[in-house]
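Residue-level structure breakdown
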Amino acid sequence: MTDIAPIHSLTAQVMGDLGTPDLLLPPGADPHDFALRPSDAQALGAADVVIWVGHGLTPWLEEPLTTLAPQAARLELLEAPGWDPLEVRDHKAHDDHGDDHDEHGHDDEHGHDHDNEHDHGEFDPHAWVDPAIARVWLAAIADQLATADPENAAVYAENAANAANALAELQQRLTADLAPVADRAYILPHDGYQYFEARFGLTASGAIAGIDARDPGPAQVATLREQMAEDGVACVFSDAEIGGGWATLVIEGTDAKTAQIDAVGAGLDAGAGLYAEMLNRLGTAFSTCLAADS
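Thresholds, definitions, all that
- Residues numbered from 1 in each chain as written.
- Predicted model: local features only at pLDDT ≥ 70, side-chain atom pairs only at ≥ 80, totals over all residues.
- Heavy atoms only, no water.
- Axes fitted to C-alpha atoms, helices over the stretch in contact; angles between N-to-C directions.
- Helix = DSSP H or I, 4+ residues; strand = E, 2+ residues; numbered from the N terminus.
- Parallel < 35°, antiparallel > 145°, perpendicular 65-115°, else oblique.
- Contact = heavy atoms within 4.5 Å.
- Phe/Tyr/Trp six-rings, centres within 6.5 Å; stacked < 30°, edge-to-face > 60°.
- Buried < 20%, exposed > 50% of the residue type's maximum accessible area, 1.4 Å probe, protein only.
- Pairing = 2+ DSSP bridges.
- Core = buried A, V, L, I, M, F, W, Y, C linked by side-chain atoms within 4.5 Å.
- Salt bridge = Lys/Arg side-chain N within 4 Å of Asp/Glu carboxyl O.

Topic: the packing of helix α5 (residues 153-178) against helix α9 (residues 274-290)
- Where α5 meets α9, the axes come as close as 10 Å, and the angle between the chain directions of the two elements is 5°. As far as their axial angle goes, α9 and α5 are roughly parallel. The segment α5 lies against α9, with L167, L170, R173, L174, D177 and L178 engaging Y275, A276, L279, N280, G283, F286 and S287.

Points about the packing of aromatic side chains
- For the coordinates displayed, the defined rule picks out 8 aromatic pairs.
- A ring pair is formed by W83 and W137, whose centres lie 5.6 Å apart and whose planes are at 85°; its orientation type is edge-to-face. Residue W83 is located in the loop between β2 (73-76) and α4 (131-148), and its partner W137 is located in helix α4; the two are separated by 54 residues in the primary sequence. Of the two residues, W83 and W137, neither departs from the other in class, the shared state being buried.
- Plain terms: the ring middles of F196 and F200 are 4.9 Å apart, the flat faces sit at 55° to each other, and that makes the pair tilted.

Concerning the sheet that holds strand β5 (residues 235-238)
- The strand order across the open sheet formed by 4 strands is β4-β3-β5-β6, and the pairing between neighbours is parallel. Every interior strand has two partners, whereas the edge strands, β4 (206-209) and β6 (257-260), have only one. Going across the sheet, the axis of each strand differs from the next one's by a mean of 25°, ignoring polarity.
- Sheet topology note: the β5/β6 ladder contains 4 bridges and is parallel. Along β6, the bridge assignment pairs V236 with T258.
- Packing against the sheet, helix α7 (residues 218-231) makes contact with β3 (186-190), β4 and β5, and its axis sits at approximately 150° to β4.

Some words on the nonpolar core
- Ranked by size, the top nonpolar core spans 76 residues in total, and within it I7, W128, W137, Y186, F196, F237 and F286 carry the most contacts.
- Those elements that place two or more of their residues in this core are α1 (5-15), β1 (49-52), α4, α5, β3, α6 (194-200), β5 and α9.
- Not counting residues up to four positions away in its chain, the partners in contact with F196 are V129, L174, L178, L202, L279, L282, G283 and F286.
- A185, V233, V236 and I251 belong to the second-largest nonpolar core, a separate cluster that totals 15 residues.

Side note on the pattern of salt bridges
- Evaluated as defined, the whole model comprises 6 salt bridges.
- R37 is paired through a salt bridge with D40; the nearest N and O atoms lie 3.0 Å apart.
- When its relative accessible area of 5% is taken as the criterion, D40 is described as buried.
- The partner of E62 in a salt bridge is R74, with the nearest N and O atoms 3.4 Å apart. Highlighted residues: E62 in helix α3 (residues 62-68) and R74 in strand β2, separated in sequence by 12 residues.
- Within this structure, R89, D191 and E197 form a network of salt bridges that share partners.

Here you go:
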């Protein structure tokens, strides 16, 4: 069992012809806010292995995993070694919600907040949008599957290596495509794309919503409107979690463009090919919307 479509895609690549992983959240589902159906609970209860991003992204999944799938081996990818987590960014545009993050729970010494369902803690959990991190996670997935199914350990390792090589090529292509727009200013829908930006040399001027994709308040929108002028913002992105209305409101009266972006596979068919398709689509949206008008 896997949690979100991009992780399902990576796992499917590692499994190859040996089987097909189950997917808990359908492509495009918002991981911040999802209600399990009875059929989801049943599928979770039947799982031998659960591969998920982790508590930082979906704290609401912790309890169902414990109660419904106590027998399942678990791989929490955010805890896998070999990659560097990024701290949650503090955009000026988040001031409306700044106080909300401290009133519901307290971080432990590692910066992980175990009480607050809305706060991701100190570290940004949206790490799968960096293909270099995804390559590390492919190896972790292969190790987990090899533990559960030792007879096929060599196949999992080979599949993971082949998938990692393909991702390295994809990363090279995206690097070349995005280099010409690296200096262009833009605003994100919610702050869930930082790892993609860091990998490809892009930097957001701000975000319409915070890391948890809650709707902005009036002061936040006003701040973003000021940033539009200050930074010469070329594009205001929207996504399914935030919707297109906020982007339209923010660009009103400016020359900025809008485009929809996605990091969870919205509208794509679940399966091995979804991850590369999602990243390619993300790269195209950035390079097209940020391109200088000819």
